[in-house]
Amino acid sequence: MFITREADYGIRTVRALSSGQKMNITAICEQESVPRQFAYKILKELSKAGIVSIIRGVNGGYILKADPAELTLYDIISVVDQDLFLNKCLEPEYDCERDKDLSPCKVHRELSRIQNILEEELKRTPVSELI
């Protein structure tokens, strides 16, 4: 679960919308220093997930549908980044060439333990704590 730049921008985008007010893309990008090309893609993904509503038209914009007190960092990151693994070896289809006699190997077990802690912390942190 390497937290990518897109995940960071996703969190910032949701933070901008957490006031509950409709915002246009320019205001979101300026407030949170999110590049416009990332913002469009991220907002589309957040909309598909039901986190954000897109309001079309001349006076359109974006509005947060989810409650910031209930929406967690994990919720946002899992929408923006599909691969939530610290290391490729944690992916289910990965075939480790090392330590074939151990399944999974010690490195895998330790990375898995760390990833579980990280996921739990991200699930514990609501967006409202970042406002």
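For every chain, the first residue of the written sequence is number 1, and numbering continues from 1 along that sequence. The predicted origin of the model limits local features to residues at a pLDDT of at least 70 and limits the giving and counting of side-chain atom pairs to 80 or more, whereas totals for whole chains, interfaces and linings rest on all residues. With hydrogens and water stripped out, all remaining heavy atoms of the structure feed into the side-chain values.

> Is there a simple way to explain unusual backbone geometry in this structure?
Positive phi outside glycine occurs at Ser-33, with the angle close to 55°. For Ser-33, the location among the structural elements is in the loop between helix 2 (25–32) and helix 3 (36–48). Burial classes: relative accessible area under 20% of the type maximum marks a residue as buried, over 50% as exposed, and values in between as partly exposed (1.4 Å probe, protein chains only). Judged by relative accessible area, which is 57%, Ser-33 ranks as exposed. The secondary structure listing takes helices from DSSP runs of H or I that are at least 4 residues long and strands from runs of E that are at least 2 residues long, numbered from the N terminus.

> It is not clear to me how the packing of aromatic side chains should be interpreted in this structure. Could you clarify?
Each aromatic ring pair is characterised by the separation of its centres together with the angle its planes make. Stacked, tilted and edge-to-face are the three classes assigned to paired rings of Phe, Tyr and Trp, where Trp is represented by its six-membered ring and a pair needs centres within 6.5 Å; plane angles under 30 degrees give stacked, over 60 edge-to-face, the rest tilted. A full pass over the atoms with the stated rule returns one aromatic pair. Lysine and arginine charges are scored as sitting over a ring when NZ or CZ, respectively, is within 6 Å of the ring centre and within 35 degrees of the ring normal. Above the face of the Tyr-74 ring, Lys-123 is positioned so that its terminal group lies 4.7 Å from the ring centre.

> Any chance you could explain the pairing of strand 2 (residues 61–64) here in plain terms?
Taken residue by residue, a regular strand's side chains alternate between the two faces of the sheet. Here a strand pair is declared whenever DSSP counts at least two bridges between the two strands. Across four bridges, the pairing between strand 1 (residues 52–55) and strand 2 is antiparallel. Bridge assignment links Ile-54 to a residue of strand 2, and that residue is Tyr-62. Between the end of strand 1 and the start of strand 2, which pair antiparallel, lie five residues, with Gly-57 showing a positive phi angle near 110°.

> Is there a simple way to think about the confidence of the model for the chain in this case?
A score between 0 and 100, pLDDT records how confident the predictor is in each residue. Of the residues in the chain, 81% reach a pLDDT of 70 or more, and the chain-wide mean stands at 86. At the level of individual helices and strands, the chain shows its lowest average pLDDT in helix 5 (residues 106–124), which scores 83, and its highest in strand 2, which scores 97.

> What am I meant to see in helix 5 here?
Three- or four-residue spacings in an α-helix give side chains the same orientation, since the helix completes a turn every 3.6 residues. How far a helix is expected to stretch is found by multiplying one less than its residue total by 1.5 Å. Its 19 residues give helix 5 an end-to-end C-alpha distance of 27 Å, which sits within 8% of 27 Å, the value for a rise of 1.5 Å per residue. By the burial criterion, the buried members of helix 5 are His-108, Gln-115, Glu-119 and Leu-122. Down the axis of helix 5, the sector holding all buried residues measures 60°, keeping them to one side. Exposed side chains of helix 5 directed beyond 90 degrees from the buried face belong to Lys-106 and Arg-124. The elements touched by buried residues of helix 5 are helix 4 (73–80). Working note: the arc is built from the helix axis to C-beta atom directions. Pairs of residues are marked as contacts when any of their non-hydrogen atoms sit within 4.5 Å.

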